Amino acid sequence: MSKRFNTGIVWFRRDLRLTDNPALHEAVSACKHVVPLWLDSLDGDWAPGAASRWWLHHSLEALAADMSACGASLVLRDGDALEQLRAIIADTGADAVFWNRLYEPAAIKRDTAIKQSLREAGTAVSSHNAALLSEPWQIMTKSNTPYKVFTAYWRTAQSGLQLREALPAPAKIPAPKSQLASLPLSHFDLLPSVDWAAGIRSRWQPGEHAALGKINRFSKAAVRDYDETRDFPAVDGVSRLSPHLHFGEVSPHQIWQAVRQQHDIDDEGSRVFLSEIGWREFAHYVLYHFPHTSDDVMYQKYADFPWREDAADLIRAWERGATGVPIVDAGMRQLWHTGWMHNRVRMIVASFLVKNIRAHWLHGARWFWDTLIDADLPANSMGWQWSAGSGADAAPYFRIFNPQRQGERFDKDGDYVRRWVPEIAALPNRFIHQPWAAPDKVARAADFTPGKDYPLPIVDLAESRDAALAAFKSLKEAAS
Ligand code: FAD
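The shown structure was predicted, so the numbers you read here are calculated from the model rather than taken from an experiment.

## Notes on the packing of helix H14 (residues 343–357) against helix H15 (residues 361–371)
Relative orientation and spacing of two packed helices are given, respectively, by the angle between their axes and the distance between those axes.
Stage number 1. Running from amino to carboxyl end, H14 crosses H15 at an angle of 140 degrees, the nearest separation of the two axes being 9 Å. The angle between H14 and H15 places the two elements in the oblique class. Handedness of the crossing formed by H14 with H15: right-handed. Taken together, the residues of H15 that come into contact with H14 (itself represented by Arg 346, Val 349, Leu 353 and Val 354) are Trp 361, His 363, Gly 364 and Phe 368.
Stage number 2. Split into classes, the residues belonging to the contact of H14 with H15 amount to five nonpolar, two polar and one charged.

What follows is the structure, given as structure tokens:
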């Protein structure tokens, strides 16, 4: 079969997989030779944090191994992306460049400029959708404005969904005739110099094979009960696919197909699970249409919210899991040790930071950014603005989580808290979410001294709730 192009470069970014990879698939069918390339041009304000970089190192390692089994070597470069692409074009005579789209504002800006320059120089450029079920510009209200509410967005998105079978991985990637210069992976310093990643390493396996295995297991069994188990952090009821999805080790199409192959269309567990994939789509959609929302409120009426300026010590206690509120500390310690936190607990710790401590939501977004292995600009910005009440389809500000009650409801037997806050593990269930209230006799029996073995709450839950409501009221009054 005749090929349209002589040599094509496939620029991998956050699509670190061989199956269901539209850019790779097209390049292999359209080019005589294919150069797989990964470029470290990850700088700027939201460059990957430490935990993400750990994941990226191992994901690249896995991709390079899979690629070599297909007869190709992954070329690693750093520096300005356009310059590097031009250099490889000059070395190989490449006449086409392929990539899968990113949707963050800085990436869109960069990719648009690169596309234009390459095309002006006579190189074909072909970009694809590998990360989303629908392109953000395809789903609009009847008046052609972007949706701001999830349910209406998801209804429209689902009605127009064009599901497809996953594209197969290429059996062979035809390498160029001569070997290209490539940097060693160690050059990028993605791993920490002091090894703090043991807890992450023992729990996670980056790479496409691990991701596919996880979907397979989850879609066969756990998804059936997802609607009932997903809110309980001590239960293994969620997929833990988020880092794999962020780095594009799997596609949402593959997830959708895997779930639908195993389950009935009306099955409540899979319906709810797929709607979470919908939230991921919505997060990308919102950031695409409202690019300022990674750093600024969605609605200007929240711009002057009176955040506390003197909260540095409180923020530090929150980061370290030393707030004296067990469910908050359990979540923050789970995050620190494993690079991940259960969604219910993310909502609780975020609410505690922005409402009880009244620290700006960006403090939390930045901490998550550095410590989460699944740190993802659209989902993280949406999660934090949801918690602060200032984003699209956000929780109303006056709905303030009571972390003690959240703990009693979603960690009834205290298993999650006992796991991460062993200092209070011997307390009976009645006090596990309020150790400060344990009578002396109970505390002594549990060999626990409040304020010594474990801190007293750094803020009074009722008073800080009232202060948050008053701050919100002042904002409304100022606006009226
Ligand atoms: P599952 O419950 O198994 O869901 C499956 C997939 O759906 C997830 O992997 C994820 O891709 C998507 N998803 C689920 N819930 C959401 C949601 N609320 N918003 C967007 N996508 C969702 N998710 C990230 O991937 N990266 C982040 O940086 C991130 N930051 C967050 C910050 C805050 C303050 C909050 C409240 C939520 C944040 N989330 C983030 C969303 C959510 O907590 C995680 O996606 C989820 O906990 C990941 O675990 P899982 O893969 O087991 O999820």
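## Considering the packing of aromatic side chains
Stage number 1. Applying the stated rule across the entire model yields 28 aromatic pairs.
Stage number 2. When the centroid spacing of 5.6 Å and the interplanar angle of 50 degrees are considered together, the rings of Trp 137 and Tyr 288 count as tilted. One end of the pair, Trp 137, is in the loop between strand E5 (124–128) and helix H5 (150–159); the other, Tyr 288, is in helix H11 (residues 268–289), with 151 residues separating them in the sequence.
Stage number 3. Measuring from ring centre to ring centre gives 4.2 Å for Phe 150 and Trp 279, while their planes differ by 15 degrees; the resulting arrangement is stacked. Of this pair, Phe 150 sits in helix H5 while Trp 279 sits in helix H11, placing them 129 residues apart in sequence.
Stage number 4. Exposure remark for Phe 150: the relative accessible area of 7% places this residue in the buried category.

## Examining the nonpolar core
Stage number 1. One finds Phe 12, Trp 38, Tyr 153, Ile 255 and Phe 273 to be the most contacted residues of the largest nonpolar core, which totals 69 residues.
Stage number 2. Looking at this core, the element that brings in the most residues is H11, giving eight residues.
Stage number 3. Excluding residues that lie within four positions of it along the chain, Tyr 153 makes contacts with Ile 139, Tyr 147, Gly 278, Glu 281, Phe 282 and Tyr 285.

## Focus on the site of the ligand
Stage number 1. Around the ligand sit 27 residues, and of these Tyr 226, Ser 239, Arg 240, Asn 343 and Asp 374 come closest.
Stage number 2. One of the side-chain nitrogen or oxygen atoms of Arg 346 is found 3.4 Å away from an oxygen atom of the ligand.
Stage number 3. Burial of the ligand by the protein amounts to 94% of the accessible area it has alone, namely 830 Å².
Stage number 4. Counting residues per element, the ones that place at least two in the shell around the ligand are helix H9 (242–246), H11, H14 and helix H16 (377–388).
Stage number 5. If one sorts the elements of the shell around the ligand by residue count, H11 sits on top with five residues.
Stage number 6. Its residues placed into classes, the shell around the ligand shows 16 nonpolar, five polar and six charged.

Analysis parameters
- Residues numbered from 1 in each chain as written.
- Predicted model: local features only at pLDDT ≥ 70, side-chain atom pairs only at ≥ 80, totals over all residues.
- Heavy atoms only, no water.
- Axes fitted to C-alpha atoms, helices over the stretch in contact; angles between N-to-C directions.
- Helix = DSSP H or I, 4+ residues; strand = E, 2+ residues; numbered from the N terminus.
- Parallel < 35°, antiparallel > 145°, perpendicular 65-115°, else oblique.
- Left-handed = near helix turned anticlockwise from the far one by under 90°.
- Contact = heavy atoms within 4.5 Å.
- Nonpolar A, V, L, I, M, F, W, Y, C, P; charged D, E, K, R; others polar.
- Phe/Tyr/Trp six-rings, centres within 6.5 Å; stacked < 30°, edge-to-face > 60°.
- Buried < 20%, exposed > 50% of the residue type's maximum accessible area, 1.4 Å probe, protein only.
- Core = buried A, V, L, I, M, F, W, Y, C linked by side-chain atoms within 4.5 Å.
- Near = heavy atom within 4 Å.
- Polar contact = N/O pair within 3.5 Å; in protein donor to acceptor, adjacent residues only side chain to side chain.
- Areas by Shrake-Rupley, 256 points an atom, 1.4 Å probe, with all protein chains shown as cover.

Keep in mind these values describe shape, not function.
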